[in-house]
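Structure assessment
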Amino acid sequence: MIYCVEDERNIRELLVYTLETTGFQAKGLADGCELMEALKNEKPELILLDVMLPGEDGYAILTKIRNMEEVKEVPVIMVTAKDAEFDKVRGLESGADDYITKPFGMMEFVARVKAVLRRCGQNKKNEDKMLSYGELCMLVGRHEVRCRGCKVELTRKEFELLKYLLENKGIVLTRNQILCKIWGYDFDGETRTVDVHVRTLRQKLGEEGNLIETIRGVGYRIGG
Ligand code: CA
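Keep in mind the model is a prediction, meaning the values are calculated, not measured.

Donor atoms from the polypeptide that bind the calcium ion are Asp7 (OD), Asp50 (OD) and Met52 (O), placed at 2.1 to 2.3 Å. In terms of primary sequence, the donors binding the calcium ion are separated according to D-x42-D-x1-M.

Structure, rendered in structure tokens:
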């Protein structure tokens, strides 16, 4: 089930129709209130979320979703008429998995949806995997990180970032590589998002945060 939150009826119906003809189950919702009601009934595989909505806007709704225990893992694609760099960064920083700008073609739209679902499906395959370095330990399937045995709460993107670094111990990952891997694609070489997430990740890891090395002018690495 894919939820399409969009206040413009024509667009909403077109999104639902396109998804249904592609073989997905989809449901159109006009605003954040309808989404919250729907989330109580069924956890979707994906949420398409318009930014400009009556009442709460897409950013506020996304923050809510990420704080709801049962649905915080559901991937979200933000849909908006704006295409300013600022908005892309803001959307991705608030935990969106992808970003699509109106107007867009239906082929592109379906490709984006499939790409996000594929990425999230791959994450599910890692259920029992454990990654560690020094006093840092990650239980991938349980979405749990521990420093010296103490649990650390990370956002999903911080978690994925740390996982990517741990999977590539000793290898320098460039900001662009990280963007492509964690956010799915590179938008105009925008890498500030990566730096922001590394900063908050380090803070949350405390002393173990020092394990993430900055390689000046290149990117980041765990384990030399
Ligand atoms: Ca709208």
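Here we come to the pattern of salt bridges. As enumerated under the stated definition, the model contains 19 salt bridges in all. With a shortest N-O distance of 3.0 Å, Lys40 and Glu37 are connected by a salt bridge. With Lys40 and Glu37 both in helix α2 (residues 32-41) and three residues apart, the pair spans about one turn of that helix. Under the relative-accessibility criterion, Lys40 is labelled exposed at 63%. The salt bridge partner of Glu108 is Arg112, with a shortest N-O separation of 3.2 Å. Placement of both Glu108 and Arg112 in helix α5 (residues 106-124) is noted, with a separation of four residues, approximately one turn of the helix. Its relative accessible area of 36% is what places Glu108 among the partly exposed residues.

Right, let's get into the sheet that holds strand β11 (residues 212-215). To summarise the sheet geometry, strands pair through backbone hydrogen bonds and adopt either a parallel or an antiparallel arrangement. Taken together, three strands build an open sheet; the order of strands is β10-β12-β11 and the sheet is antiparallel. Whereas interior strands pair on both sides, the edge strands pair on one side only; in this sheet they are β10 (173-174) and β11. Taken together, the two bridges between β10 and strand β12 (residues 219-222) define a ladder with antiparallel strand orientation. Across the sheet, the residue bridging to Leu173 is Tyr220, located in β12.

With respect to the helices and strands, the residue Arg156 is situated in helix α6 (residues 156-167). Using a relative accessible area of 10% as the deciding quantity, one classes Arg156 as buried. A polar contact of 3.1 Å, which involves the side chain of Arg156, links it to the backbone oxygen of Glu73. Filtering out sequence-adjacent residues up to four positions away, Arg156 remains in contact with Arg66, Lys72, Glu73, Val74, Pro75, Gly95, Asp97, Cys120 and His143.

Before going further, it helps to spend a moment on the domain arrangement of the protein chain. Quoted interface sizes are often the accessible area lost when the parts come together. Per the domain assignment, the segments making up the protein chain are domain 1 (2-124) and domain 2 (130-222). The distance between the C-alpha centroids of domain 1 and domain 2 comes to 25 Å. Taken residue by residue, the interface counts 19 residues in domain 1 and 16 residues in domain 2. Approximately 1400 Å² of surface area, both sides summed, lies buried where domain 1 meets domain 2, with 45% of it carried by carbon and sulfur atoms. Taken together, the links from domain 1 to domain 2 amount to two salt bridges. Among the salt bridges present, the one from Asp97 reaches Arg156, with a minimum N-O distance of 2.6 Å. The tally of links from domain 1 across to domain 2 stands at three residue pairs in polar contact (both at pLDDT 80 or more). Going through the elements one at a time, α4 (85-93), β5 (98-101) and α5 are the ones with two or more residues in the side of domain 1 that touches domain 2. Counting residues per element, the side of domain 1 that touches domain 2 draws most heavily on α4, which supplies five residues. Its residues assigned to classes, the side of domain 1 that touches domain 2 comprises seven nonpolar, two polar and 10 charged.

Thresholds applied
Residues numbered from 1 in each chain as written. Predicted model: local features only at pLDDT ≥ 70, side-chain atom pairs only at ≥ 80, totals over all residues. Heavy atoms only, no water. Donors = N, O, S within 2.8 Å, 3.2 Å for Na, K, Ca; no water. Salt bridge = Lys/Arg side-chain N within 4 Å of Asp/Glu carboxyl O. Helix = DSSP H or I, 4+ residues; strand = E, 2+ residues; numbered from the N terminus. Buried < 20%, exposed > 50% of the residue type's maximum accessible area, 1.4 Å probe, protein only. Pairing = 2+ DSSP bridges. Polar contact = N/O pair within 3.5 Å; in protein donor to acceptor, adjacent residues only side chain to side chain. Contact = heavy atoms within 4.5 Å. Domains from an automatic or database assignment. Buried area = accessible area lost by both parts, 1.4 Å probe. Nonpolar A, V, L, I, M, F, W, Y, C, P; charged D, E, K, R; others polar.

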